[in-house]
Amino acid sequence: MCIRDSTCGGTAATSSGTSYGTGKFGKAILFNGTSSYATLPNSIGIPSGPWTVSYWFNTNSVTGEEPHMVTDWNTANYTLMIKTIGTSLNVYGYTCAGSAAFNSQPISATTTIATGIWYHVALVIDNVTLGDGVTLYINGSSEATTTLSNSLCTSATNWLLGDEPGSQHYDGYLDQVRFFNAALTASQVTELYNEVACT
């Protein structure tokens, strides 16, 4: 499933305070860093089996905490969070009780994030139960892996882009946000990174 921007077809997001700017491919959603966000259809949720999320981002800030993608199963607990903290990209996973689901929490990319540069992110979840693998790719290369120490909560229905409710906001662009009901292989992630046109 691809989230629609003004360039490509796909599933529409509901946006507040966002605009469009020059994307990796055509146009991208631009978040203002203070109040803008987008919500995705509840039908996306978190699958109860293998899955992958991928996207391109280009940040305008490397100070503070800036959430790219967050999903929550109620207003107090998150299931998954992908965000930059300064120049580091980090991923957090949680159980439905709010406990850490990753053996290493968070998992962090080794690439140093800078402003004004497009980066491709792919998070591959082999499955959502104890012992299953999690791999974070940046620009087609595996940069962090861990396993689930607890089952990842699959009750989440509310995906947010660019916002952590009541907390931080993302200042920058997101493009080609995609969800796959499969754990993509390394070669498939590389194919996404090497794309030369919007699909």
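Residues numbered from 1 in each chain as written. Predicted model: local features only at pLDDT ≥ 70, side-chain atom pairs only at ≥ 80, totals over all residues. Heavy atoms only, no water.

(A) Geometry of the overall build of the chain. For the chain, the helix and strand inventory stands at 1 helix and 14 strands. By the burial criterion, 50% of the 199 residues in the chain qualify as buried. Taking the intrachain contacts of the chain between residues at least 6 apart in sequence as the baseline, contacts between residues at least 24 apart amount to 63%. With the model as given, the accessible surface of the chain reaches about 7800 Å², and the carbon-plus-sulfur share is 48%. (Helix = DSSP H or I, 4+ residues; strand = E, 2+ residues; numbered from the N terminus. Buried < 20%, exposed > 50% of the residue type's maximum accessible area, 1.4 Å probe, protein only. Contact = heavy atoms within 4.5 Å. Areas by Shrake-Rupley, 256 points an atom, 1.4 Å probe, with all protein chains shown as cover.)

(B) Representation of the sheet that holds strand β14 (residues 171-180) in the model. Pairing within the open sheet is antiparallel, and its 7 strands lie in the order β2-β3-β14-β5-β10-β11-β12. Edge positions in the sheet fall to β2 (19-22) and β12 (141-147), since each of these pairs with one other strand and no more. Pairs of neighbouring strands in the sheet enclose a mean axial angle of 30 degrees, with direction left out of account. Sheet topology note: the strand β3 (residues 27-32)/β14 ladder contains 4 bridges and is antiparallel. Within the sheet, the bridge partner assigned to leucine 30 lies in β14 and is tyrosine 173. (Pairing = 2+ DSSP bridges. Axes fitted to C-alpha atoms, helices over the stretch in contact; angles between N-to-C directions.)

(C) Representation of the environment of alanine 122. Residue position: alanine 122 is located in strand β10 (residues 119-125). The residues contacting alanine 122, other than those within four sequence positions of it, are Val53, Ser54, Thr135, Leu136, Tyr137 and Val189.

(D) The arrangement of the pattern of salt bridges in detail. The full count for this structure, using the stated rule, is 3 salt bridges. Lysine 83 is the salt-bridge partner of glutamate 164, the closest N and O atoms lying 3.5 Å from each other. Of this pair, glutamate 164 sits in the loop between β13 (158-161) and β14 while lysine 83 sits in strand β7 (residues 78-85), and the two are 81 residues apart along the sequence. Both residues of the pair, glutamate 164 and lysine 83, belong to the buried class. Salt bridges here are not isolated pairs; linked through shared partners, they connect Glu65, Lys83 and Glu164. (Salt bridge = Lys/Arg side-chain N within 4 Å of Asp/Glu carboxyl O.)

(E) Focus on the pairing of β2. As defined by bridge partners, β2 adjoins β3 across 4 bridges and the pair is classed as antiparallel. When the sheet's bridge partners are listed, tyrosine 20 is paired in β3 with isoleucine 29. The turn linking β2 back onto β3 is made up of 4 residues, and glycine 26 within it adopts a positive phi angle of 70 degrees.

That is the geometry; function is a separate question.
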